[in-house]
Amino acid sequence: MKVIITIPAYNEESTIVKVIDEIKEAMEKTRYDYQILVLDDGSSDKTAYLSKKAGAVVYSNKRNIGLAATFREEIKQCLALKADIIVHTDADGQYVASSIPRLIEKIEQGFDLVLGSRFLGRIEHMPLMKRLGNYAFAIVLSQLTRTRLTDTTTGFRAFTKNLAENIQYINTFTYTQEQIIKAAKQNFKIAEIPITTRRTRESKLFKNSFEYALKAWINILRIYRDYEPLKFFGLFGLFFIFLGLIIGFWLLYLFFTTGKVGHIPSQILSLMLMVIGVQISLFGFLADMNRKSS
Ligand SMILES: Nc1nc2c(ncn2[C@@H]2O[C@H](COP(=O)(O)OP(=O)(O)O)[C@@H](O)[C@H]2O)c(=O)[nH]1
Ligand SMILES: [Mg+2]
C-alpha cells in the first residue's frame, strides 16, 4: 500500500524544506511506503529546487494557475504515482506532520475521506471573521452532507484512491468544500480527527475575506443546485410565487373592502411574479429529470 503526501506550493522557499523534513520524520516512524509530492504552482523562487533537494517528487506548473486547478493536477499526479492513499497538507507549516499517521489510520479503518479538524483540536491563531465563516460553512455542509462536520476548509486531509478517481471538480477557486460535498453525495464515508495547527505567515488565499466568503458561498450554491435541483429551483420559485400571492391577496383585500377593481400595475406585477415562480420551479423539475437519467 502506497501513501503519497501531496503539498501545493506557491513561492514557499522559506518553509518548504522544513515541511518536507517534518513529514519524513513522522513517516519514517511508521511502516508505510510513502512518497512526498510537491506541486509547484509556477513559483518564481527556489521552491522547486529546494523540494527536490529535500527528497520530494516535484511537478511544476509552467505558470501560476491557482490552488483549485493545482489540486486537480495533484490528484492526477498522485494517481500516476500509484497512490492508494493520498494525504494533503500545506506548504507553510501550519499543519503538524506528526498527525499524518492518524489520518492514515482512520482511512485504514474504512473511511474514504478523513479531515483534520482545527476546531475539534487547537488553533494557535485564526481571525474572528474566518472563524465565523468556518462556523457557518460547517453548519451548512453538515446539513447538506448529513454528517457532523466542524471544519470544512481544512487543507489537512487524507482520502482513498477510489475517492480521488471518482470526484470531478468544477470549482475554480478552492477544492476544500467541493470535495466534501461530492464525497458525501457519492456515499463515501467521511470522518474528522482533531488536529492542532501553528500560527504561520498571513494566508495567501484569504487576502480579501469578503471575496473569499462570496466565492465560497456561490460555489456551495452551485454544488447544491447540481445535487438538489428540485429543492434549489423549487425554493427559489416558491419565493417568487409567495411574493406574487402577497400582492394578490392584498388586491383581493382591497376589492372586498372597497369594492373597486383597479391597481392594474400591481395586478400585472402579481401575475408576473407568480408566472416567474412557476417557470423557475419547472426548471427544477427539468433539471431533476435530467439528473436522474444521467
Ligand atoms: N497551487 C497554488 N497553491 C497556492 C497558491 N497560493 C497559496 N497556495 C498554497 O496553498 C496552501 C495554503 O495557502 P495559505 O496561504 O497557507 O492559505 P491558508 O490555507 O488560508 O492558510 C499552501 O501550501 C500554499 O503554498 C497558489 O496560487 N497556487
Ligand atoms: Mg496557511
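Here the structure is shown first, and the text comes after it.
Residues numbered from 1 in each chain as written. Chains lettered and ligands numbered in written order. Predicted model: local features only at pLDDT ≥ 70, side-chain atom pairs only at ≥ 80, totals over all residues. Heavy atoms only, no water.

### Considering the overall build of the protein
In plain terms, the rule: Only DSSP runs of H or I reaching four residues or more are called helices, and only runs of E reaching two or more are called strands; each is numbered from the N terminus. Only the C-alpha atoms count toward the radius of gyration. The rule for a globule is 2.2 Å times the residue count to the power 0.38. Throughout, exposure labels follow a simple rule: accessible area from a 1.4 Å probe, protein chains only, divided by the maximum for the residue type, with under 20% read as buried, over 50% as exposed, and the rest as partly exposed. When checking whether two residues touch, look at their non-hydrogen atoms; a contact exists if any pair is within 4.5 Å. Exposure was quantified through the Shrake-Rupley algorithm and a 1.4 Å probe, taking into account, for residues, occlusion by the shown protein chains and nothing else. For this count, His and the chain ends are skipped, Lys and Arg are scored as positive, and Asp and Glu as negative. Where a charge lies is defined by one atom per residue type, namely NZ (Lys), CZ (Arg), CG (Asp) and CD (Glu).
Looking only at helices and strands, the protein has ten helices and seven strands in total. For 294 residues, the compact-globule estimate of 2.2 N^0.38 gives 19 Å, and the protein exceeds it by more than 25% at 24 Å. Relative to its 294 residues, the protein shows a buried fraction of 46%. The contacts in the protein between residues at least 6 apart in sequence include a share of 74% that link residues at least 24 apart. For the protein, the exposed surface amounts to about 15,700 Å²; the carbon and sulfur share of it is 61%. Put simply, the protein has 38 plus and 28 minus side-chain charges, and the middle of one group is 5 Å from the middle of the other.

### Looking at the site of ligand 1
Put simply, the rule reads: Neighbouring residues are identified by heavy atoms, a residue being near a molecule or strand if any of them is within 4 Å of it. Here a polar contact is recorded for every N or O atom pair within 3.5 Å, except that within protein the pair must consist of a potential hydrogen donor and a potential acceptor, and residues adjacent in sequence are included only if both atoms are side-chain atoms. Asp, Glu, Lys and Arg are counted as charged, while Ala, Val, Leu, Ile, Met, Phe, Trp, Tyr, Cys and Pro are counted as nonpolar; the rest, among them Gly, fall into the polar class.
In the vicinity of ligand 1, 19 residues are found, and the nearest of them are Pro8, Glu12, Asp41, Ser203 and Lys204. Note that a nitrogen atom of ligand 1 is positioned 2.5 Å from one of the side-chain N or O atoms of Asp41. Lys204 is positioned with one of its backbone polar atoms (N or O) 2.6 Å from an oxygen atom of ligand 1. Surface burial for ligand 1 is 92%, taken as the share of its 560 Å² of free accessible area covered by protein chains. For the shell around ligand 1, the elements supplying multiple residues, two or more each, are strand 1 (2-9) and helix 3 (67-80). Here the shell around ligand 1 is composed, by residue class, of seven nonpolar, five polar and seven charged.

### Side note on the packing of aromatic side chains
For clarity, the cut-off: Aromatic rings from Phe, Tyr and Trp, taking only the six-membered ring of Trp, are treated as a pair when their centres fall within 6.5 Å; an angle between ring planes under 30 degrees marks them as stacked, one over 60 as edge-to-face, and anything in between as tilted. Put simply, a charge is over a ring when the Lys NZ or the Arg CZ is close to the ring centre, within 6 Å, and near the line of the ring normal, within 35 degrees.
Summed over the entire model, instances satisfying the criterion amount to twelve aromatic pairs. Measuring from centroid to centroid gives 4.9 Å for Phe137 and Trp217, while their planes differ by 40°, and the two rings are tilted. Of this pair, Phe137 sits in helix 5 (residues 128-145) while Trp217 sits in helix 8 (residues 209-227), and the two are 80 residues apart along the sequence. The class for Phe137 is buried, based on a relative accessible area of 4%. Ring centres 6.2 Å apart and planes at 75° place the aromatic pair Tyr224 and Phe232 in the edge-to-face group. Above the plane of the ring of Phe111 lies Lys189, whose end atom (NZ or CZ) is 4.9 Å from the centre.

### Remarks on the environment of Thr197
If you trace the backbone, Thr197 turns up in strand 7 (residues 190-197). Taking the C-alpha atoms as reference, Thr197 lies 33 Å from Tyr227; in sequence the two are 30 residues apart. In this structure, Thr197 is in contact with Gln94, Tyr95, Arg118, Arg122, Ile123 and Glu124, ignoring residues within four places of it in sequence.

### Overview of the pattern of salt bridges
Counted only if it meets this: Salt bridges are counted wherever a side-chain nitrogen of Lys or Arg sits within 4 Å of a carboxyl oxygen of Asp or Glu.
Scanning all chains against the criterion turns up ten salt bridges. The shortest N-O distance in the salt bridge between Lys182 and Glu178 comes to 2.7 Å. A residue pair is termed a helical-turn pair when its members lie 3 or 4 positions apart in one helix, as Lys182 and Glu178 do in helix 7 (residues 176-185) at four residues. On the accessibility criterion, Glu178 (1% relative accessible area) is buried.

### A look at helix 9 (residues 229-258)
In plain terms, the rule: Here a helix's expected span is defined as the number of its residues, less one, multiplied by 1.5 Å.
Over its 30 residues, helix 9 runs 43 Å from end to end, which matches the ideal 44 Å to within 8%, given 1.5 Å per residue. Regarding helix 9, the residues found buried are Pro229, Phe233, Gly234, Gly237, Ile241, Gly244, Ile247, Gly248, Leu251 and Leu254. Two residues or fewer after helix 9 comes Gly259, characterised by a positive phi angle close to 75°.

### Points about the coordination of the magnesium ion (ligand 2)
Rules: Listed donor atoms are N, O and S within 2.8 Å of the metal (Na, K and Ca: 3.2 Å). As water is not included, a site may look incomplete.
Those protein atoms acting as donors to the magnesium ion (ligand 2) are Asp92 (OD) and Gln94 (OE1), and they sit at 2.0 to 2.5 Å. Note on accessibility: Asp92 and Gln94 belong to one class, buried.

### Describing empty space enclosed by the protein
The condition that has to hold: Using protein atoms alone on a 1 Å grid, points that fit a 1.4 Å probe yet trap it form a cavity, whereas open point sets bounded by protein on both sides within 12 Å along at least five of seven lines form a pocket; residues with an atom within 4 Å of a point count as lining. Grid points are joined across faces, edges and corners, and a volume is the space filled by probe spheres set on the points.
What the rule picks out here adds up to one cavity of 30 Å³ or more. Lining the largest cavity are Val19, Glu22, Ile23, Thr89, Asp90, Gly93, Tyr95, Ala97, Ile100 and Arg198. Per-element accounting of the lining of the largest cavity gives the leading share, three residues, to helix 1 (residues 16-28).

### Comments concerning the environment of Thr150
Mapped onto the secondary structure, Thr150 falls in the loop between helix 5 and strand 6 (157-160). Between the C-alpha atom of Thr150 and that of Asn134, which follows or precedes it by 16 residues, the distance is 8.1 Å. Apart from residues no more than four positions distant in its own chain, Thr150 is found in contact with Ser117, Phe119, Leu120, Ala138 and Glu192. Engagement of the side chain of Thr150 in a polar contact is seen with the side chain of Ser117, the distance being 2.6 Å.

Remember, this is a structural readout, not a statement about activity or role.
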